[in-house]
Amino acid sequence: MAVSVGIDLGTTFSAVAYVDPQTKTPKIIPNSEGNKITPSIIQFINGKPVFGSEAESAFAASEPGCVATFKRNMGKTDVYCTIDGTPYTAEDLSALLLRHLKEDAEAELGDKIKDAVITVPAYFYSPEREATLKAAAAAGLKVKKIIDEPNAATMAYGLNNWRENANILVYDLGGGTFDVTLTRMGKDGELTSITTRGDYYLGGRDWDDRIEIILIEKFADETGIETSSNPITKAMIRGLTEGVKKQLSTMETAKVTATILDYGVASVVITKKEFEERTKDLIDRTGALCQAVLEEAELSLRDVTDVLLVGGSTRMPQVSQYIFNMFGKKPITHVNPDEAVALGAAIQATKENESYTKLSVQVMSDGKKVTDRASSGLSTRAVIKPLKKLSSIGLLSLRETTAHAMGIVAINDEGNRYYNEIIIPANHPRPVRAAKRFRFYTLPKSKNELEIYVLQGDSMNPLDCVIPYKYVVTGIQHVNKGEKIGTVIRVQYSYDENGIIHIQARQGYAEVDLPIRKDDVPSNISRFGQPVVNDQPGQKPSLGLQLGRGVSHNVVHKYKAITFSNVEWKKYDNIAFHPSGAAFNEPSVHIIANEKAIEFHGYNVSAMDEGVSYTINADDNFEIECDINTSTIQPHPGGNVKITLGIITASLNENGGQIRLDGETVVKVGPKFKLKMSLTEGGHYKVYTNGKLAGSKVKPSMGGIDVCFGLAHDEHCCHILSHAYISNISMKQRMNQNMEDDSSETETWES
Ligand code: AMP
């Protein structure tokens, strides 16, 4: 029976693990030399790749034909090295290493590998992840999933150390990369990564570089010879650095002896203290990223339950000390940093992949995010339960997040500046899809192509982001409806379960995708940092997405996305008289309406007129989704919460109630449910409860239509109410055809 494995394809070391069918626990598969980890080093001897300790020793001795740390160049298409006339990319080298790992593991298991989960740094961009997939395919490996290294490590750790509601900060300092991820342990094995940051130009190698600098200085002081000018001596010193660093992990000093050309044998001493002083800026960089992760999650240092150390470089004592100083607690070090990632990947290899989610976070026009914090579980300061061992790996489930926001190069409303229009924010659960509508003006005798420059990064400035791909949407039909209308192009962006980006586009409401071509990203993209040059003098600059600007009229207009906070809700609290004649002098119901929620608190409501309302035009497209909870209303016959969109009306008390469409009850609901109401052109009303269509009706009307969330009383003018909550409100509105420059999210579709 073929086996599923987990592979940690590390910068300096790699490891393979599987779940032992007998014990149902993850185990490392030793390589052909009996070692649990294999150096990520290749030596080419007469064109043939050699791996393991032989390659490692050859590399340490600076023998020719050796390559290492190629993982740092994953995703780059340029040649990483040329050996004996053969050029290799980082992807080619990773493919060779993966094939070796696969063959070694198969020999050890005496069985074929069916498929594999491969780990990558959380901070890997889409091209690096794609290159990992391609390298695996070239190595003859079927990839079940790519997961992020810190998440894999947390899975392995969590299996024996589950603490419900704990926030675990995974500090992963490897040989070449640094990742920090905040992960939440939910109920019985539900692991959710909340935020992640990283620097993949920061790792053990940088500490080695500092040792090299210190040694070169010390040998120069000792011998009077500038060793850095001699390549052989320099290479020899370089070869010593990692060993010296490791020695300083256990000793206060390290004595280093070397034969210096034109001098002879010389010795110098390097102390742990000076090593730590000279690398303080490097460790501070890791601290800044830890802070950034916490800020993003809106948590403080105190909210971190535990810090888990992963990656070989966390063996440096300065790391534990730094974490202790920062968090006031000792990090968890009993996880074997060399093995945890592969073990976690092996657990994931026994799982099915997750399904796509819709956006649960909105990005405002100023780039700020409104996160659905309730769904992330962060809003509750829940009590951390005692540590326990999970009874089975079957309980563990992992929800990963997007490390980078995905956006698109767009032009601002003034038409003078390029900016990053973020479509999917960073740290959103993945896989995730989001689609937007854009207005696109076509020409009769033109190619009508839409250029899309994809951005990965949070900055509003495209030049501060990575541009992983450029796509060209082709096959757009000319729509002869005059300049005002143009055609609608729906563009769908996805992060798949591996964190790889996909783009699709459809014209109008067609059910088929338009052809999309992937072009090379131009090497010079500096124009995105400069003012927009209008290619049609005398005309209003183009708005919206960046298009084939050589082609006139190639303009995309955006739909206006609305959010709760940019709609002017009218608050009304009409306090009338009690039937007894007593006057209510003070508004006794407090309505708190914030970004995404409305809360009603109060008692002794006198009339039917308390709440918030908003008026839309009959020809606007409008949609609102929210979570309702009226279970906390104190019972009082007749009093209820009333929600209205035109002819849709919900009347709810503490037991729930009914939803009517033009006076007719279409569904009965309990006190807690998800409500979605929509109105599209021509008076098409639809109402959904808990995701299911409850009713629809066409009722054309003119003028203003009210959207209300209020309190009502059907029988008399007094009722008691304590609390009612309407939360997670999300709204969309497309203005009528005559209004330009509007953009909004639209329905996503299956690939
Ligand atoms: P990884 O990429 O997780 O395999 O980590 C490899 C890095 O860990 C390399 O830079 C090693 O030099 C470093 N490393 C391994 N063991 C130690 C140690 N005892 N002290 C300091 N660094 C170490």
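The rules behind each value
- Residues numbered from 1 in each chain as written.
- Predicted model: local features only at pLDDT ≥ 70, side-chain atom pairs only at ≥ 80, totals over all residues.
- Heavy atoms only, no water.
- Near = heavy atom within 4 Å.
- Polar contact = N/O pair within 3.5 Å; in protein donor to acceptor, adjacent residues only side chain to side chain.
- Areas by Shrake-Rupley, 256 points an atom, 1.4 Å probe, with all protein chains shown as cover.
- Helix = DSSP H or I, 4+ residues; strand = E, 2+ residues; numbered from the N terminus.
- Nonpolar A, V, L, I, M, F, W, Y, C, P; charged D, E, K, R; others polar.
- Pairing = 2+ DSSP bridges.
- Contact = heavy atoms within 4.5 Å.
- Axes fitted to C-alpha atoms, helices over the stretch in contact; angles between N-to-C directions.
- Buried < 20%, exposed > 50% of the residue type's maximum accessible area, 1.4 Å probe, protein only.
- Arc of directions from axis to C-beta.
- Parallel < 35°, antiparallel > 145°, perpendicular 65-115°, else oblique.
- Left-handed = near helix turned anticlockwise from the far one by under 90°.
- Patch = residues over 30% accessible without salt bridge, like charges linked within 9 Å, V, L, I, M, F, W, Y side chains within 5 Å.
- Salt bridge = Lys/Arg side-chain N within 4 Å of Asp/Glu carboxyl O.
- Lys, Arg positive; Asp, Glu negative; His and termini not counted.
- Charge placed at Lys NZ, Arg CZ, Asp CG, Glu CD.

(A) Local environment of the site of the ligand. Lining the immediate environment of the ligand, one finds 14 residues, of which Thr-12, Gly-175, Glu-242, Lys-245 and Ser-249 sit closest. One nitrogen or oxygen atom from the side chain of Glu-242 is found 2.5 Å from an oxygen atom belonging to the ligand. Note that a nitrogen atom of the ligand is positioned 3.4 Å from one of the side-chain N or O atoms of Arg-315. Out of a free accessible area of 500 Å², the ligand has 89% covered by protein chains. Looking at which element gives the most residues to the shell around the ligand, the answer is helix H6 (residues 231–250), with four residues. Grouping the constituent residues of the shell around the ligand by class yields two nonpolar, eight polar and four charged.

(B) A look at the sheet that holds strand S5 (residues 42–45). Taken in spatial order, the three strands of this open sheet run S6-S5-S7, and their pairing is antiparallel. Taken across any chain shown, the strands that pair with only one partner, and hence form the sheet edges, are strand S6 (48–50) and strand S7 (66–67). Where S5 and S7 come together, two bridges link them in antiparallel fashion. Within the sheet, the bridge partner assigned to Ile-42 lies in S7 and is Val-67. Across the sheet, helix H2 (residues 90–109) touches S5, S6 and S7, and the angle it forms with S5 is around 95°.

(C) A look at helix H9 (residues 317–327). Along H9, the positions that sit buried rather than exposed are Gln-318, Val-319, Tyr-322, Ile-323, Met-326 and Phe-327. Take H9 and look down its axis: the buried residues cluster within an arc of 140°, on one side only. Buried-residue contacts for H9 involve strand S12 (167–173), helix H5 (204–223), helix H7 (272–278), helix H8 (280–296) and strand S17 (306–310). Backbone geometry just after H9 places Gly-328 at a positive phi near 70°.

(D) Looking closely at the sheet that holds strand S23 (residues 429–430). Taken in spatial order, the six strands line up as S17-S12-S13-S14-S20-S23 in an open sheet, and their pairing is mixed. The open sheet has two edge strands with one neighbour each: S17 and S23. Pairing analysis gives three bridges linking strand S14 (residues 190–199) to strand S20 (residues 397–401), with the strands arranged parallel. Residue pairing for S20: Leu-191 is matched across the bridge by Leu-398. On top of the sheet, helix H4 (residues 149–160) reaches S12, strand S13 (178–185), S14, S17 and S20; it is set at about 45° to S13, its chief contact.

(E) Quick look at the packing of H2 against helix H3 (residues 126–138). In the contact formed by H2 and H3, the axes pass within 8 Å of each other and the chain directions differ by 50°. With respect to H3, the element H2 is oriented oblique. Pair H2 / H3 crosses with right-handed handedness. Seen from H2, the contacting residues are Glu-91, Ser-94, Ala-95, Leu-98 and Arg-99; seen from H3, they are Ala-131, Lys-134, Ala-135, Ala-136 and Ala-138. Residues belonging to the contact of H2 with H3 are distributed by class as follows: six nonpolar, one polar and three charged.

(F) Just a negative patch on the surface, in detail. Residues Glu-33, Glu-54, Glu-56 and Glu-63 make up a contiguous surface patch of negative charge. In this structure Glu-56 comes out as partly exposed when scored by relative accessible area, which is 31%.

(G) Focus on unusual backbone geometry. That bond from Arg-430 to Pro-431 is cis: its omega, 5°, falls within 30 degrees of zero. Turning to its location among the elements, Pro-431 is positioned in the loop between S23 and strand S24 (432–440). In this model, Asn-690 sits at a positive phi of 45°, which is unusual for a non-glycine residue. Tracing the backbone through its elements, the reader meets Asn-690 in the loop between strand S42 (684–689) and strand S43 (692–698).

(H) Broad picture of the pairing of S12. Most of S12 sits inside the fold, with seven of its seven residues counted as buried. Both faces of S12 are covered, namely the face carrying Asn-167, Leu-169, Tyr-171 and Leu-173 and the face carrying Ile-168, Val-170 and Asp-172. As paired elements, S12 and S13 share seven bridges and run antiparallel to each other. Following the sheet pairing, Tyr-171 is matched in S13 by Val-180. As consecutive antiparallel partners, S12 and S13 are separated by four residues. Sheet analysis places S12 next to S17, joined by five bridges and oriented parallel. Paired with Asp-172 across the two strands is Val-310, which belongs to S17.

(I) Up close: the pattern of salt bridges. By the definition in use, this model includes 35 salt bridges. With a closest N to O distance of 2.9 Å, Arg-163 and Asp-306 form a salt bridge. Placement of the pair is Arg-163 in the loop between H4 and S12 and Asp-306 in strand S17, with a sequence separation of 143 residues. The class of Asp-306 is buried, set by a relative accessible area of 11%. What emerges from the salt-bridge pattern is a single network uniting Arg-129, Lys-145, Asp-148, Glu-400 and Arg-430.

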